[in-house]
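Residue strings, one per chain:
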Amino acid sequence: MTEILDPTAADSLRPAQEPCPACSCCSAALCRRGAASALECSGCTHPDLMGIVRGCRCSAATTEGTAAWRAGLVTATLQAADLPLPGAMEDHLRALAAGEDVEDVHGFAMALLLRQFVRPVGEGELTVTDLARAYLAARDGERTRVRARVSTLDGVAATARVLLDVDRPDPSVTVLLDQLLQATGGDVLTLPGTELEVTANLDAERTEDIVLTDIRAVPVPLPDAWRKQPAEPEAPETEQGDDGD
């Protein structure tokens, strides 16, 4: 006879997960995965549980250092160049960034919330996010083409350290591993030491605020021994002279 297991029995239940010390919605393991993924905690759990953990601050794009935050900085920087906000909306965002008390007469709040350029901080109040600051910095600042090199990888955080060939106290920038892999077409094993050309906002005060875009791998020159040597020209044939015999 087939034994029917009681689904409530201790042996058939999954072990309890250690709760996250920083939030009340996730386990510690889920927040570790979510912080290292641009999908956040909600994208790293079962669909039935997505609603419970959606918006978890441990993995949110508004929390500095998360994968979603790094991906958001890149998206905001690209948007500044390729798809800027309408003039009146950008002016409204600038006023908020400057700490001005502005009235949302045109209803820009929802559009800015959807872009995660602002977040609520109380009853009816909004504050700008790092993504909005990255957008405005890209609109106003200078982005420069520089040489760089992949230094080290962090498999747990899914990031890499990239050394910029610039004169800064700390020229090392943290970049999402997926961004580098997609841009270079390489793989994890060959990525360390890869020479790059990148575009960066070198005028950023903090290293954490430097955003790399337009990443290209620099081809490694072939060793001289591998280069095809030009063929030596053949000596021209000399005609036989008439010796009178």
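Trainee: Please give an account of unusual backbone geometry that cites residues and values.
Mentor: Negative phi is the rule for most residues except glycine; trans is the rule for most peptide bonds. The backbone phi angle of Gln116 is positive, close to 60 degrees, even though this residue is not glycine. Looking at the secondary structure, you find Gln116 in the loop between α5 (109–114) and β1 (118–120). The exposure class of Gln116 is partly exposed, given its relative accessible area of 31%. Positive phi values are uncommon outside glycine, yet Asp214 reaches one of about 50 degrees. Secondary-structure assignment places Asp214 in strand β7 (residues 212–217). You can call Asp214 partly exposed: its relative accessible area is 39%.

Trainee: Please give an account of the environment of Cys58 that cites residues and values.
Mentor: Relative to the assigned elements, Cys58 resides in the loop between α2 (50–53) and α3 (67–82). Residues Cys58 and Cys25, 33 residues apart in the sequence, show an inter-C-alpha distance of 10.0 Å. The contact partners of Cys58, leaving out residues within four places of it in the chain, are Cys20, Ala22, Cys23, Cys31, Ala35 and Thr66.

Trainee: Let's hear about the side chain of Ser42: which residues, and what values?
Mentor: In this structure, Ser42 sits in the loop between α1 (28–35) and α2. Given a relative accessible area of 11%, Ser42 falls into the buried group. Among all residues touching Ser42, those that are not within four sequence positions of it are Met50, Val53 and Arg54.

Trainee: Explain the pattern of salt bridges to me, using residue names and the numbers behind them.
Mentor: Side-chain pairs of opposite charge can arise whenever the charged atoms involved come near each other. A full pass over the atoms with the stated rule returns nine salt bridges. A salt bridge links Glu90 to Arg94; the nearest nitrogen and oxygen atoms lie 3.0 Å apart. Of this pair, Glu90 and Arg94 both sit in helix α4 (residues 87–97), four residues apart, which is roughly one turn of the helix. What makes Glu90 buried here is its relative accessible area of 7%. Across the pair Asp140 and Arg94 runs a salt bridge, and its minimum N-O distance is 2.8 Å.

Trainee: Residues and numbers for the nonpolar core, please.
Mentor: Membership of the largest hydrophobic core comes to 23 residues, with the highest contact counts inside it found for Leu85, Leu93, Leu112, Phe117 and Tyr135. Among the elements that make up this core, the one with the highest residue count is α3 (six residues). Excluding anything up to four places from it in sequence, Leu85 contacts Gln79, Glu90, Leu93, Leu112, Arg115, Phe117 and Tyr135. Val146, Val162, Leu181 and Ala204 belong to the second-largest nonpolar core, a separate cluster that totals 19 residues.

Trainee: Summarise the environment of Arg161; cite the residues concerned and give the values.
Mentor: Within the secondary structure, Arg161 sits in strand β4 (residues 159–164). When the C-alpha positions of Arg161 and Ser151 are compared, they lie 5.4 Å apart, and in sequence the two are 10 residues distant. Excluding anything up to four places from it in sequence, Arg161 contacts Arg149, Val150, Ser151, Thr152, Asp170, Ser172, Val173 and Thr174. For Arg161, the side chain forms a polar contact with the side chain of Ser172, separated by 2.9 Å.

Trainee: An account of empty space enclosed by the protein is requested, with residue identities and associated values reported.
Mentor: Counted according to the given criterion, the structure contains one cavity of 30 Å³ or more. By volume, the largest cavity is sized at about 40 Å³. If you trace the largest cavity, you find it lined by Thr77, Ala134, Ala137, Ala138, Arg143, Asn201 and Val211. Among the elements that take part in the lining of the largest cavity, helix α6 (residues 130–140) stands out by supplying three residues, more than any other. Within the lining of the largest cavity, the residues separate by chemical class into four nonpolar, two polar and one charged.

Analysis parameters
Every chain is numbered independently, its residues counted from 1 as its sequence is written. Reporting of local features is limited, given that this is a predicted model, to residues whose pLDDT is at least 70; pairs of side-chain atoms are given and counted only at 80 or more, and all residues count toward the totals for whole chains, interfaces and linings. Values reported for side chains reflect all heavy atoms of the structure, with hydrogen atoms and water molecules removed beforehand. Helix and strand labels come from DSSP, where a helix needs a run of H or I of at least four residues and a strand needs a run of E of at least two; each type is numbered from the N terminus. Partly exposed describes any residue whose relative accessible area lies between the buried limit of under 20% and the exposed limit of over 50%, with all areas from a 1.4 Å probe on protein chains only and scaled to the type maximum. Residues are treated as being in contact if the distance between any of their heavy atoms lies within 4.5 Å. Salt-bridge detection follows one rule: a side-chain nitrogen of Lys or Arg within 4 Å of a carboxyl oxygen of Asp or Glu. By convention a nonpolar core is built from buried Ala, Val, Leu, Ile, Met, Phe, Trp, Tyr and Cys residues, the set being connected through side-chain atoms within 4.5 Å. Two N or O atoms count as a polar contact when they lie within 3.5 Å, although within protein this holds only if one can serve as hydrogen donor and the other as acceptor, and sequence-adjacent residues are included solely when both atoms are side-chain atoms. Here a cavity means grid points, on a 1 Å grid over the protein atoms only, where a 1.4 Å probe fits yet cannot get out; a pocket means an open set of points with protein on both sides within 12 Å along at least five of seven lines; lining residues are those with an atom within 4 Å of a point. Grid points are joined across faces, edges and corners, and a volume is the space filled by probe spheres set on the points. Each residue is assigned to one of three groups, with Ala, Val, Leu, Ile, Met, Phe, Trp, Tyr, Cys and Pro labelled nonpolar, Asp, Glu, Lys and Arg labelled charged, and all others, Gly among them, labelled polar.

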